[in-house]
Amino acid sequence: MIRKTTIDAPLVIFLLIIPFPVLSTLTVAEHLDTYCSNNTGNYTLNSPFENNLKLLLQTLPSITSLTGFNYTSVGEFPAKVYGQALCRGDVNSSACQACVEKASQEIFDDCASFKDAIIWYELCQVHYSFQNMTSLYVYTGKYPDWDSQENFVSDPVHFSDVLMYLMTNLSNEAAFNPSKLMFATGEIKFRRETVYGHSQCTRDIIADDCQTCLKTALAELEGCCSSRQGGIIVSRNCNVRFELYKYYNASSYLLTYPNPKGSNWKVGIVAFVVCTPIVVLVIVIGFCIVWKLQKRRQQR
C-alpha cells in the first residue's frame, strides 16, 4: 500500500524563501577521516570509562557551539575522560552543534572500546582521550581522499608556488593574529582561476606550536596536492585546505603573488637584445643618408 505524505504549506514557503547559502550552512557536511588509536589500550564496555565517555560526547556539542572550540573532562581517575571539539571558523553555532553531534555519535560507534580517538568532518572535529591533551601539541596529519583532488592543474610548478605563497601567509595570520582566533581565510589569483584557502589551529596551543603544526601540514599539502585543484590536511591540532571555488562563508583578503626575483632584470635583458639591432640599423641608415647628402653637395 502506498502512503500519501502531506507537506505543510508554510514549511514549503519557508524553505523556498531561505537563501541557498543559508541552507548550506545548516548541513553537517562531509566526513573526512577517523582515527581510533590502538596504542593506548581499550576500555571495557558498560564500564565507568564508557559511561563517562557517553556523558562527555553528549556535552561537547552544546558547549562547543558557543565559541567554535571547547574542551572538558568527565569523571575521576582511572576512568576520567578528556575531550575537545573544534568547528571551522566560518560556520555558525547551529551548524557547529549539528556537526559535533554527528561526529560524536559516529566516533562513539566506530571507535568502541578505544580509549583515544579523533574524527574529522568538513566542518568540525572531535577528539577524546584517557589522558589530558589540552595545550599539548602533537602532529597527527591525515590526507583525506576526496573527489576534488582527482582533477589536476595545467601548470603544476607555477601553481605550487602560488599556492604555497597563499597558504604560508594564511598560516602566519592564523598563528600570530589574535583577532583571527587561529582561523584565517584568503584567496589569490592564478591565471583565470582564483585559489581559496584556510588555515586553522585548536585554540588551546600557543602561537609558535600553531605555526609549527601548520608548517608541517603545508609540507604534506604540497607533497600530496600542489598539482591538484583541491586538497586538505587534517591533524589533531591544525588543518589546512584549498580549493578553486569558495567553500567557506567567511570574508577573506586577496593576496597578490609577487614577481619572481630578477624578473625585472630579465625583462631588461630581453628588451636590450631585441632593441639593440634596431637601434644599430637606424644609426647605419642615418649615417648613409647623411653621407649621400654630403656627397651630392660636393658634386655641385
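Everything numeric in this text was worked out from a predicted model, so none of it was measured. (Residues numbered from 1 in each chain as written. Predicted model: local features only at pLDDT ≥ 70, side-chain atom pairs only at ≥ 80, totals over all residues. Heavy atoms only, no water.)

Focus on the packing of aromatic side chains
- Summed over the entire model, instances satisfying the criterion amount to eight aromatic pairs.
- When the ring of Phe159 is compared with that of Phe190, the centres are 5.1 Å apart and the planes differ by 75°; the resulting orientation is edge-to-face. One end of the pair, Phe159, is in helix H5 (residues 156-176); the other, Phe190, is in strand S6 (residues 183-190), with 31 residues separating them in the sequence. Each member of the pair Phe159 and Phe190 is classed as buried.
- The structure contains a cluster of three or more aromatic residues connected by ring pairs, namely Tyr196, Tyr245, Tyr247 and Tyr248.
- Here Lys115 stacks its cationic end above the ring of Phe49, 5.4 Å away from the centre of that ring.
- Above the ring of Tyr247, the side-chain terminus of Arg241 is found at 4.0 Å from the ring centroid. (Phe/Tyr/Trp six-rings, centres within 6.5 Å; stacked < 30°, edge-to-face > 60°. Helix = DSSP H or I, 4+ residues; strand = E, 2+ residues; numbered from the N terminus. Buried < 20%, exposed > 50% of the residue type's maximum accessible area, 1.4 Å probe, protein only. Lys NZ or Arg CZ within 6 Å of the ring centre and 35° of its normal.)

Describing the confidence of the model for the chain
- Averaged over all residues, the pLDDT of the chain equals 83, while 75% of them reach at least 70.
- Confidence drops under a pLDDT of 50 for residues 1-26, and excluding neighbours within four residues, the segment shows seven contacts in the predicted structure.
- Note on residues 262-274: pLDDT under 50 across the span, and zero contacts to partners over four residues away in sequence or across chains. (pLDDT = per-residue confidence, 0-100. Contact = heavy atoms within 4.5 Å.)

Looking at the state of the cysteines
- In the structure shown here, the tally under the stated rule is six disulfides.
- Between the sulfur of Cys99 and that of Cys124 lies a disulfide, 2.1 Å long from S to S. Taking the sign of the S-S torsion, about -85° here, the bridge from Cys99 to Cys124 comes out left-handed. Linking Cys99 in helix H4 (residues 93-110) with Cys124 in strand S5 (residues 124-129), this pair joins segments that are 25 residues apart in sequence. Side by side, Cys99 and Cys124 carry an identical accessibility label, which is buried.
- Residue Cys201 pairs covalently with Cys210 via a disulfide, S to S 2.1 Å. Classification of the bridge connecting Cys201 and Cys210 rests on its S-S torsion, roughly 85°, and on that basis the disulfide is right-handed. Across the pair, Cys210 and Cys201 agree in class, each one buried. (Disulfide = S-S within 2.5 Å.)

With respect to the sheet that holds S6
- A sheet is described by the order of its strands in space; here five strands give the open sequence S8-S9-S7-S6-S10, paired in mixed fashion. Looking at which strands have only one partner, the edges of the open sheet turn out to be strand S8 (230-234) and strand S10 (253-255). The mean angle between the axes of side-by-side strands here comes to 20°, regardless of whether they run parallel or antiparallel.
- Judged from the three bridges that link them, S6 and S10 form a sheet pairing that is parallel. The residue bridging Glu187 from the neighbouring strand is Leu254, located in S10.
- Strands S6, strand S7 (193-201), strand S9 (238-243) and S10 of the sheet are contacted by H5, whose axis makes an angle of about 155° with S6.
- Set on the sheet, helix H6 (residues 207-225) makes contact with S7, S8 and S9; between it and S9 the angle comes to about 40°. (Pairing = 2+ DSSP bridges. Axes fitted to C-alpha atoms, helices over the stretch in contact; angles between N-to-C directions.)

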